[in-house]
Structure formats: structure tokens, C-alpha cells
Amino acid sequence: NQVKIRGYRVELGEIEAALRRHPSVSAALVVVREDVPGDRRLVAYVVGGAETEELRAHLRRTLPEYMVPNAFVPLAALPQTPTGKLDTRTLPAPDYQAGEDAYVAPRTPVEESLAAMWAEVLGLERVGVHENFFEIGGHSLLAMRIVSRIRESLDGEIGVVALFESPTIDALARVIEARMAPAGGAGELGAAIASSTQALLEGIDELSEEELDSLLGLTT
């Protein structure tokens, strides 16, 4: 079953087969969910005792990042209809929000601003400072929107690659604080960078995620 998600062609069966190769997984089903209109995400439903981070690491050994599901939902068994077929209509919605033990509240004004941006863009109630942007529903197109908001709200001279390199609020806040434009303006070089970045941001909606990753040098 091949689907296209954010510019990539993805074989759901290939992801399911990779999941079943984990020794703790007895059954797996991967679907595309669109719980928020226009926001298609890969979700894996897994029967077995493996933890989410363990499954992510397992898949990343053999699959590209865009094929790693945004969420993993543990189940006692895959739901079936009375005739024995998979009942995808009863699959529970994933919880992209981290658990209470993982949540660390923002501690600085920059972290508070970033947390608010991430929560709005990702459709979450709140985001802790140690949560990974790309593990709670983020992807390249959303990363560009975050960068655009950072430029508008925080006057931070930052490129989208910085978010890939520092994908938590804690790490990104430190990068932003170090790169904040100094009082009196960023000078001619800063202005040129700002103009170039803004031009890219204005055309972002016309790019697929695959084209964006290629442009940013994130694919080989």
C-alpha cells in the first residue's frame, strides 16, 4: 500500500515489515491519519512490549527519516471486524503529547515564545523544552514555518538547518540567544541574509518536503 506524504512516496507495508522484525513486536499496522485537516501523519499501531524510543531507533537503522512514524500507539491486539478483517475505523487517535514525566516547562522568555510557537504549529496543548520537534509531529515544512515565526517574533537570524541540528526548545533557545541581531541592526551582511531567507520563506508553500530537504542539503 503506497501513499504520498509530504512529497515522499512511502510503502506502508515496508514500515510494518521493519517493525515486525523487532523481537518484541508481534503485529504492526501503519496508517496515514489526518486528524487535523491538511496535516497527514504516519502512525504505527504496535502489538508488543517495545517502548516508543526503542522502536524509533530500530526503524532508523534501516529506513529513511521520512518513513519513521510520527507516533506509535501500543495495542493489546489489532482490532478486527466480526468477519476477522482489520477494523481500521476503531483505531484510537494517537497522543502526540509527551507524558507528564517528560514535560519540563519553559524557563526563559525565549523558551516561552518557542513553546507557544511549537504548540500552535504542531496542534499541541503544550510542549516541554526537552521534546524533539521531529518526534512530536514536526517535519520540514513545519520547520520552515517555525523559522518564519522566529524571525518575525524574536528577530533571530536563524536558518532552518539550526532546527534540525537543535531540535529541542532548550537547545534552539540557546542558538537563538547567541544569534540575536545586535542593537542597531545586523549590518549589510545580516540584511542580505534576511532578504534571501525571506524570499525562500515566501515560496515555501510551493515546495514539497522532498524538494525542501534537497534544497537544504538534508538528503544525499
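A brief look at the structure comes next. (Residues numbered from 1 in each chain as written. Predicted model: local features only at pLDDT ≥ 70, side-chain atom pairs only at ≥ 80, totals over all residues. Heavy atoms only, no water.)

Structural notes on the pattern of salt bridges
Phase 1: In this structure the tally under the stated criterion is seven salt bridges.
Phase 2: A network of salt bridges, in which partner residues are shared, links R107, E111, D170 and R174. (Salt bridge = Lys/Arg side-chain N within 4 Å of Asp/Glu carboxyl O.)

Structural notes on the sheet that holds strand β5 (residues 71-75)
Phase 1: The three strands are arranged β3-β4-β5 in an open sheet whose pairing can be described as mixed. If you trace the sheet from one side to the other, it starts and ends with β3 (25-36) and β5, each paired once. Strand-to-strand, the axes of this sheet are offset by a mean angle of 30°, without reference to chain direction.
Phase 2: In the packing of helix α1 (residues 12-20) onto the sheet, contacts are made with β3, β4 (39-48) and β5, and the angle to β3 comes to roughly 140°. (Pairing = 2+ DSSP bridges. Helix = DSSP H or I, 4+ residues; strand = E, 2+ residues; numbered from the N terminus. Axes fitted to C-alpha atoms, helices over the stretch in contact; angles between N-to-C directions. Contact = heavy atoms within 4.5 Å.)

Observations concerning the pairing of β3
Phase 1: In terms of strand pairing, β3 meets β4 through nine bridges, oriented antiparallel. Residue pairing in the sheet places A27 in a bridge with V47 of β4.
Phase 2: Taken together, β3 and the strand that follows it, β4, pair antiparallel across an intervening segment of two residues, in which G38 is found at a positive phi of about 85°.

What about the packing of helix α3 (residues 109-122) against helix α6 (residues 169-179)?
Phase 1: Orientation of α3 relative to α6, taken along the N-to-C sense of each, is 125°, at an axis distance of 9 Å. The orientation of α3 with respect to α6, classified from their angle, is oblique. Where α3 crosses over α6, the handedness of that crossing is right-handed. Here V110, E111, L114, A115 and W118 of α3 lie close against α6, whose contacting residues are I169, D170, L172, A173, I176 and E177. (Parallel < 35°, antiparallel > 145°, perpendicular 65-115°, else oblique. Left-handed = near helix turned anticlockwise from the far one by under 90°.)

Some remarks on the environment of P167
Phase 1: Relative to the elements of secondary structure, P167 occurs in the loop between α5 (160-165) and α6.
Phase 2: With residues up to four places along the chain from it excluded, the contact list for P167 reads W118, E131, N132, F133 and F134.

Focus on helix α4 (residues 140-154)
Phase 1: Between its first and last C-alpha, α4 extends 20 Å over 15 residues, near the 21 Å set by a 1.5 Å rise per residue.
Phase 2: With respect to burial, α4 is a largely interior element, eleven of its 15 residues being buried.
Phase 3: Among the residues of α4, those classed as buried are S140, L141, L142, A143, M144, I146, V147, S148, I150, R151 and L154. (Expected span 1.5 Å × (residues − 1). Buried < 20%, exposed > 50% of the residue type's maximum accessible area, 1.4 Å probe, protein only.)

Some remarks on the side chain of R56
Phase 1: Position of R56 among the secondary structure elements: in helix α2 (residues 52-60).
Phase 2: A relative accessible area of 4% means that R56 is categorised as buried.
Phase 3: Apart from the residues lying within four places of it in its own chain, the contact partners of R56 are V68, P69, N70, F72 and E135.

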